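Chain and residue survey
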Amino acid sequence: MAKRRITQETFDAAVRENVEDFEMDPDEALREAVEQFESQGVDLSCIVKAVPAALSDCQGEPTHAILQALDSLQKGRDSVSLAGVTEEMKCFTEQCSLGFAQRYLAAQKDAYPIILSYSKKSLEEKEAVVTALSALAALTDGQPDLLDAEGRQILLEAFKKHQGDSLVTRVTICVVRNCCLKHEQNRQDLVKEGVLPLLTGAITRHAGHADLVKEASAALRVMTLDDDVRVTYGHAHEHAKMIVLEHNGLKVLIEAAKDHLDNPPLLSELCATISRLAVRNEFCQDICDLGGLKLMMTLLADSYESADLIRQVLSATRAVAGNDDVKDAVVTAGGVQLIVMVMNKHMSNPAVCEQGCACLSVLALRKPKNCSVIMEDGGALAAVQAMKTHPDAVNVQKQACMLLRNLVARMRNYCQPILDMGAEGLIAKAVQKHQDCADVGKAALRDLGCKVELRELWTGTHGSLSN
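One numbering rule holds for all chains: residues counted from 1, following each sequence as written. The predicted origin of the model limits local features to residues at a pLDDT of at least 70 and limits the giving and counting of side-chain atom pairs to 80 or more, whereas totals for whole chains, interfaces and linings rest on all residues. Excluding hydrogens and water, the side-chain figures rest on all heavy atoms present in the structure.

Concerning the overall build of the chain
- The number of helices and strands found in the chain is 27 helices and two strands.
- In this scheme, a residue with accessible area under 20% of its type's maximum is buried, one over 50% is exposed, and one in between is partly exposed, where area comes from a 1.4 Å probe on protein chains only. Per-residue burial over the chain gives 52% buried out of 467 residues.
- Taking the contacts inside the chain whose residues are at least 6 apart along the sequence as the reference set, 70% of them involve residues at least 24 apart.
- Residue burial considers only the protein chains on display, and all accessible areas are found by Shrake-Rupley using a 1.4 Å probe. With the model as given, the accessible surface of the chain reaches about 22000 Å², and the carbon-plus-sulfur share is 48%.
- Only four residue types enter the tally: Lys and Arg on the positive side, Asp and Glu on the negative side; His and the chain ends are excluded. The atoms used to mark charge sites are NZ of Lys, CZ of Arg, CG of Asp and CD of Glu. The averaged location of the 64 negative side-chain charges in the chain is 8 Å from the averaged location of its 50 positive side-chain charges. The helix and strand labels rest on DSSP assignments: H or I over at least four residues marks a helix, E over at least two residues marks a strand, and numbering proceeds from the N terminus. Residue contacts are counted whenever heavy atoms from the two residues lie within 4.5 Å of one another.

So this is what it looks like as structure tokens:
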């Protein structure tokens with residue numbers, strides 16, 4: 001059942017009533033209003049839960065800091081430049097950064113066309129356009145529907161006019177990323193209008209600016225997502241192919257990673273984007289040929305302290321190992337030993353354990369020789385330990401079951417060693433506890449030679465059958 005919603009005006013009126021009619025102090029009036037609406041099942045996620053600034057003025061309308069800043073921008077909208085309202089614009093940006101409720105309220109009061117008009121007027125002035133686009137980036141965070149055709153043209157013009165300026169480029173990319181996240185139409189429109197070469201070109205042109213490279217990599221990754229629930233079929237795969245084939249994306253990203261080996265957050269983002277581009281067999285091989293695999297192995301060996309980075313490196317390794325030749329290259333490079341090492345190092349981290357098991361599972365698939373290496377290097381034991389450590393993490397349980405199954409699917413002699421580790425009981429518990437583990441868990445038990453109860457129920461016009 002969907003939660004009820006109210007307007008900001010209704011909420012502010014309730015706060016005012018608590019002050020004026022029930023003589024509460026402002027903070028108590030606010031708490032009471034929040035409790036009152038939440039007890040009635042009202043969704044307050046889009047409501048600014050703050051005491052209106054004009055509450056004490058009985059003749060004035062209740063207002064909030066973000067609306068005051070917006071009002072000042074509205075009054076100065078006819079000015080020739082942004083100089084006269086710079087502080088108000090910065091205040092607006094700061095208020096938007098406080099939370100989604102502030103951004104939502106501003107959008108409801110027509111902030112987008114106001115900020116866009118300032119952005120358009122400021123295109124020729126570096127400092128002014130940075131200020132205006134920063135406000136636009138703050139406003140569109142979580143509100144990609146705001147972007148329209150005029151907004152897209154302004155963003156592309158800002159890109160082209162200020163290609164050599166890292167600050168303007170970075171804030172422009174930030175707006176692009178915000179407007180494309182969970183919005184398939186914006187992605188398709190911007191790609192058609194030429195945003196991809198601007199993003200890859202920005203990484204190459206400003207290779208020394210880590211923040212910009214990270215932002216551009218994130219924007220490229222967003223172009224390959226299929227996260228808009230309103231769209232049945234997106235262009236994620238097509239966009240990934242375009243980034244690789246038409247704009248040399250793999251080389252750009254891998255070279256950027258090599259230039260920033262001392263920056264784990266940036267490396268994490270680059271690995272995440274590379275994994276999204278490994279959508280074809282030949283792309284996986286290209287990543288290997290361009291030095292991407294060697295880079296990943298180096299990061300596993302040298303940056304194992306950073307759990308977030310290791311998780312993304314494992315995810316990228318898993319993606320490129322979809323190519324059978326790359327599987328062998330990972331194993332030959334000592335990848336299995338490194339994967340087991342980082343799993344043991346971060347055994348308390350479910351995300352690392354999940355990706356570690358998934359990576360080993362891919363390496364074991366259809367590769368008996370790789371299975372031998374995984375067993376010898378302690379991969380099965382690490383998976384069993386991960387299952388013991390994270391019984392409530394469904395994805396850890398699922399990936400561990402898949403790994404154990406792949407290890408014995410073509411190597412029956414490993415069944416008993418794995419059972420001796422206590423795998424049967426752990427898999428059975430996972431099947432019982434997690435519905436998503438039922439199929440893969442039972443398949444693992446079956447391939448391990450354990451007794452499995454397969455029960456199927458069918459109900460139709462002729463009654464029911466059970467096995």
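Notes on the packing of helix H21 (residues 350–364) against helix H24 (residues 394–409)
- Each axis is a line fitted through C-alpha atoms, taken for helices only over the stretch in contact, and angles between the N-to-C directions span 0 to 180 degrees. Where H21 meets H24, the axes come as close as 8 Å, and the angle between the chain directions of the two elements is 25 degrees. By the angle class used here, H21 and H24 are roughly parallel. Crossing angle aside, the handedness with which H21 passes H24 is left-handed. Touching Pro350, Cys353, Glu354, Cys357, Ala358, Leu360, Ser361 and Ala364 of H21 are Asn395, Val396, Gln399, Ala400, Met402, Leu403, Asn406 and Leu407, all from H24.
- For the contact of H21 with H24, a count of residues per class yields eleven nonpolar, four polar and one charged. If an angle is under 35 degrees, it is roughly parallel; if it is over 145, roughly antiparallel; if it lies from 65 to 115, roughly perpendicular; otherwise it is oblique. Helix crossings fall into two classes, left-handed where the near helix is turned counterclockwise from the far one by less than a right angle and right-handed where it is turned clockwise. Residue polarity is assigned by list, with Asp, Glu, Lys and Arg as charged and Ala, Val, Leu, Ile, Met, Phe, Trp, Tyr, Cys and Pro as nonpolar; anything else, Gly included, falls into the polar class.

What to know about the packing of aromatic side chains
- Under the pairing criterion, centres of Phe, Tyr and Trp rings, with the six-membered ring standing for Trp, must be within 6.5 Å; the plane angle then separates stacked pairs below 30 degrees from edge-to-face pairs above 60, leaving the rest tilted. Under the definition given, this model contains two aromatic pairs.
- Ring plane angle 40 degrees and centroid distance 6.0 Å describe the contact between Phe11 and Phe37, whose orientation is recorded as tilted. Linking Phe11 in helix H1 (residues 8–20) with Phe37 in helix H2 (residues 26–39), this pair joins segments that are 26 residues apart in sequence.
- Overall, the relative accessible area of 7% leaves Phe37 in the buried class.

Here we look at the domain arrangement of the chain
- Assigned domains within the chain: domain 1 (1–58) and domain 2 (338–450).
- Computed from C-alpha atoms alone, the centre-to-centre distance between domain 1 and domain 2 is 52 Å. What marks off one domain from the next here is an automatic or database domain assignment.

Some words on the side chain of Asp12
- Mapped onto the fold, Asp12 is located in helix H1.
- Think of a salt bridge as a Lys or Arg side-chain nitrogen and an Asp or Glu carboxyl oxygen that are within 4 Å of each other. Of the side chains with opposite charge, Lys109 comes closest to the buried, unpaired Asp12, at an N-O distance of 8.3 Å.
- Side-chain atoms alone can form a polar contact between residues adjacent in sequence; in general such a contact is a pair of N or O atoms within 3.5 Å, and within protein one must be able to donate a hydrogen while the other accepts it. Within polar-contact distance, the side chain of Asp12 engages the side chain of His64 at 3.0 Å.

Observations regarding the UniProt feature "repeat: ARM" (unreviewed entry) in the chain
- UniProt's feature table lists "repeat: ARM" (unreviewed entry) at residues 291–335, given in the numbering used throughout.
- Counted over residues 291–335, helix gives 78% and strand 0%. Its end C-alpha atoms are 15 Å apart. UniProt positions are given in the numbering used here, feature names are shortened, and annotations may be inferred rather than shown by experiment.

Side note on the nonpolar core
- The nonpolar core is taken to be a set of buried Ala, Val, Leu, Ile, Met, Phe, Trp, Tyr and Cys residues, with the residues joined through side-chain atoms within 4.5 Å. Residues Phe92, Val195, Leu407, Ile418 and Ile427 are the most contacted members of the largest nonpolar core, which totals 144 residues.
- It is helix H7 (residues 126–140) that contributes the most residues to this core, nine residues altogether.
- Beyond its immediate sequence surroundings of up to four residues, Leu407 is in contact with Ala364, Cys371, Ile374, Met375, Ala380, Tyr414 and Ile418.

Some details on the confidence of the model for the chain
- The quantity called pLDDT is the predictor's confidence in a given residue, expressed from 0 to 100. Across the chain, the average pLDDT comes to 93, with 94% of residues at or above 70.
- Low pLDDT, under 50, characterises residues 457–467; the predicted model gives this stretch eleven contacts beyond four residues in sequence or across chains.

Quick notes on the pattern of salt bridges
- The full count for this structure, using the stated rule, is 26 salt bridges.
- Close ionic contact of Arg366 with Asp324 constitutes a salt bridge, the shortest N to O distance being 3.0 Å. Note that Arg366 is positioned in the loop between H21 and helix H22 (368–376) and Asp324 in helix H19 (residues 324–332), a separation of 42 residues in sequence.
- Accessibility expressed as a relative area gives 40% for Arg366, which makes it partly exposed.
- Taken together, the salt bridges that share partners define one network made up of Glu124, Glu157 and Lys161.

A word on a negative patch on the surface
- Two joining distances apply to patches: 9 Å for like charges and 5 Å for nonpolar side chains (Val, Leu, Ile, Met, Phe, Trp, Tyr), and every residue must have over 30% relative accessible area and no salt bridge. A contiguous patch of negative charge on the surface is contributed by Asp25, Asp27, Glu28, Glu32, Glu35 and Glu38.
- Residue placement: Glu38 occurs in helix H2.

Some thoughts on H19
- Here H19 has its buried residues at Val326, Lys327, Val330 and Val331. Angularly, the buried residues of H19 cover 140 degrees about the axis, an arc narrow enough to put them on a single face. Turned more than 90 degrees off the buried face of H19, the exposed positions are Asp325 and Thr332.
- Structurally, H19 contributes buried residues whose contacts are with helix H16 (281–289), helix H17 (292–302), helix H18 (307–320), helix H20 (335–345), H21 and H22.
- Of the residues that open H19, the one with a side-chain oxygen 2.7 Å from the backbone nitrogen of Asp325 is Asn323.
- Looking one or two residues beyond H19, the residue adopting positive phi is Gly334, at roughly 85 degrees. As used here, the arc is the angular range of directions from the helix axis to the C-beta atoms.

As for the packing of helix H8 (residues 149–161) against helix H9 (residues 166–180)
- The interhelical angle for the contact between H8 and H9, taken along N-to-C directions, is 155 degrees, at an axis separation of 9 Å. The pairing of H8 with H9 is recorded here as roughly antiparallel in orientation. The two elements H8 and H9 meet at a crossing, and its hand is left-handed. Along the contact surface, H8 presents Leu155, Ala158 and Phe159, while H9 presents Val168, Thr169, Thr172, Ile173, Val175 and Val176.
- Across the contact of H8 with H9, the residue classes break down as seven nonpolar, two polar and no charged.

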